[in-house]
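# Secondary and tertiary structure notes
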Amino acid sequence: MLRPIVAVARFITFAAVALWDHPELRQRLQEDDDMIEPFAQEVRRYYAFFPFVAAVVRDDFDWQGYRFPKNTRVLLDLYGTNRDRRTWIDPEAFRPERFKQWNGSAYNFITQGGGDYYRNHRCPGEWITIELAKVGTTALTRMMRYAVPDQDMSISINRFPMVPRSRFLIENVASLIPVREETAPEATYDLIGKQLQSNERGIRKEH
Ligand code: HEM
């Protein structure tokens, strides 16, 4: 489970980078719920940090004039397919709106593999990744405030998997959500049930 958690964290890092590069998007994301998913999808398209998958041809076949002999090692270009001019208008631009009209094809947006989830090796974690990228985007834009110190956020696509050089450093982090401590538990116990502390009144504290 560690690998996918780190992978999802990387998209949340790239969401923070995209917000830094496009500050005008922050307010739109704060006000318009319908922008959250297109933004998260554009982060996944634009920052496809896992650039290709490898496979070995099982049986000879031809495809679009190319010969694929058995046992040949082949690479599927995830990064390049996500930025292919034949399917994406202005692919080098970070533009979340494009996902408001996206046709949902299984073959042109393949950050986590392409084709049919049930018959191929396409990532079964893709739906959860999208949901977590949306939660991360919501947290960065609506739940917290932070400052971004000077750092080297340049991204080398020769590094695999891709990541900003400084990662993404933030400071002076503050919550935008009023802190409310829920009703304190009646009592706390140690692992074998011995009472450590009691709180008979269950005081509710608000700050
Ligand atoms: C967050 C970013 C993620 C990226 C970029 C990513 C990427 C990929 C890629 C490229 C593949 C190979 C697809 C292929 O061979 O066609 C894959 C497979 C897989 N992924 Fe992910 N993944 C991510 C998150 C997750 C999560 C959250 C989970 C699980 C909770 C997960 C579980 C798997 C599994 C089990 C496979 C193997 C599927 C198979 O071989 O049939 N991944 N992933």
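Residues numbered from 1 in each chain as written. Predicted model: local features only at pLDDT ≥ 70, side-chain atom pairs only at ≥ 80, totals over all residues. Heavy atoms only, no water.

## Some points on the coordination of the iron atom of the ligand
Defined as follows: Only nitrogen, oxygen and sulfur atoms count as donors, using a 2.8 Å cut-off from the metal that widens to 3.2 Å for Na, K and Ca. Water is left out, so coordination shells may look unfilled. Under the DSSP-based scheme used, a helix requires at least four consecutive residues in state H or I and a strand at least two consecutive residues in state E, with every element numbered from the N terminus.
Coordination of the iron atom of the ligand by the protein involves just one donor, C123 (SG), at a distance of 2.3 Å. Counting through the fold element by element, C123 comes out in the loop between α4 (78–82) and α5 (126–143).

## Remarks on the site of the ligand
Put simply, the rule reads: Think of it this way: one heavy atom of a residue within 4 Å of a molecule or strand is enough to make that residue near it. We call two N or O atoms a polar contact when they sit within 3.5 Å, provided that within protein one can donate a hydrogen and the other can accept it, with sequence-adjacent residues counted only if both atoms are side-chain atoms. Any residue outside Ala, Val, Leu, Ile, Met, Phe, Trp, Tyr, Cys, Pro, Asp, Glu, Lys and Arg is labelled polar, Gly included; the first ten of those are nonpolar and the last four are charged.
Around the ligand, 17 residues are found, and the nearest of them are P4, Q112, H121, C123 and T129. Measuring from a nitrogen atom of the ligand, one finds a side-chain N or O atom of Q112 at 3.4 Å. Here an oxygen atom of the ligand sits 2.7 Å away from a polar atom, N or O, in the side chain of H121. Counting only elements with at least two residues in the shell around the ligand, the list comes to α1 (2–21) and α5. Counting residues per element, the shell around the ligand draws most heavily on α1, at 4 residues. Here the residues of the shell around the ligand are counted per class, giving 11 nonpolar, 5 polar and 1 charged.

## Observations concerning the pattern of salt bridges
Selection criterion: Just to be clear on terms, a salt bridge is a Lys or Arg side-chain nitrogen sitting within 4 Å of an Asp or Glu carboxyl oxygen. Buried residues are those whose accessible area, probed at 1.4 Å on protein chains only, stays under 20% of the maximum for their type, while exposed residues exceed 50% and partly exposed ones sit between those limits.
For the structure on display, the rule yields 14 salt bridges. Close ionic contact of E126 with R122 constitutes a salt bridge, the shortest N to O distance being 2.9 Å. What makes R122 buried here is its relative accessible area of 7%. Through salt bridges with shared partners, a single network forms among E37, E131 and K134.

## Focus on the environment of D62
Along the chain, D62 falls in strand β2 (residues 61–63). One polar contact links D62 to R67, side chain to side chain, over a distance of 3.0 Å.

## Overview of the packing of aromatic side chains
Heads up, the condition is: Under the pairing criterion, centres of Phe, Tyr and Trp rings, with the six-membered ring standing for Trp, must be within 6.5 Å; the plane angle then separates stacked pairs below 30 degrees from edge-to-face pairs above 60, leaving the rest tilted. Both a distance and an angle decide whether a charge sits over a ring: NZ of Lys or CZ of Arg must be within 6 Å of the ring centre and within 35 degrees of the ring normal.
Under the counting rule described, the total for this entry stands at 16 aromatic pairs. For the ring pair F39 and F94, a centre distance of 5.6 Å and an interplane angle of 75 degrees mean the geometry is edge-to-face. Of the two residues, F39 is situated in helix α3 (residues 36–46) and F94 in the loop between α4 and α5; the sequence distance between them amounts to 55 residues. On the basis of relative accessible area, F94 is assigned to the buried category, the value being 10%. Ring geometry for F50 versus F160: centroids 5.6 Å apart, planes at 40 degrees, classification tilted. Of this pair, F50 sits in the loop between α3 and β1 (52–56) while F160 is found in the loop between β5 (144–147) and β6 (171–175), placing the two residues 110 residues apart along the sequence. Classification of F50 as partly exposed rests on a relative accessible area of 36%. For F160, a relative accessible area of 45% puts it in the partly exposed group. In this structure an aromatic cluster arises from ring pairing among F11, F14, F39, Y46, Y47, F49 and F94. We note R10 situated over the ring of F49; from NZ or CZ to the ring centre the distance is 5.9 Å.

## Here's the deal with the nonpolar core
In plain terms, the rule: The nonpolar core is taken to be a set of buried Ala, Val, Leu, Ile, Met, Phe, Trp, Tyr and Cys residues, with the residues joined through side-chain atoms within 4.5 Å. It only takes one pair of heavy atoms within 4.5 Å for two residues to be counted as in contact.
Counting 25 residues, the largest nonpolar core has L29, F39, V43, Y47, F94 and F168 as its most contacted members. Looking at which element gives the most residues to this core, the answer is α1, with 7 residues. If we skip the residues at most four places from it in the chain, Y47 touches F11, F14, V17, A18, D21, E42, F94, I155 and M162.

## What to know about the packing of α1 against α3
Threshold: To obtain each axis, a line is fitted to C-alpha atoms, and for helices this fit is confined to the stretch in contact; angles are then taken between N-to-C directions over 0 to 180 degrees. Under this scheme an angle from 65 to 115 degrees is roughly perpendicular, one under 35 degrees roughly parallel, and one over 145 degrees roughly antiparallel; angles in between are oblique.
Viewed as axis vectors pointing N to C, α1 and α3 meet at an angle of 105 degrees, and their least axial separation amounts to 10 Å. By the angle between their directions, the pair α1 and α3 is classed as roughly perpendicular. Listed contacts from α3 to F11, F14, A15, A18 and L19 of α1 are F39, V43 and R44. Its residues assigned to classes, the contact of α1 with α3 comprises 7 nonpolar, no polar and 1 charged.

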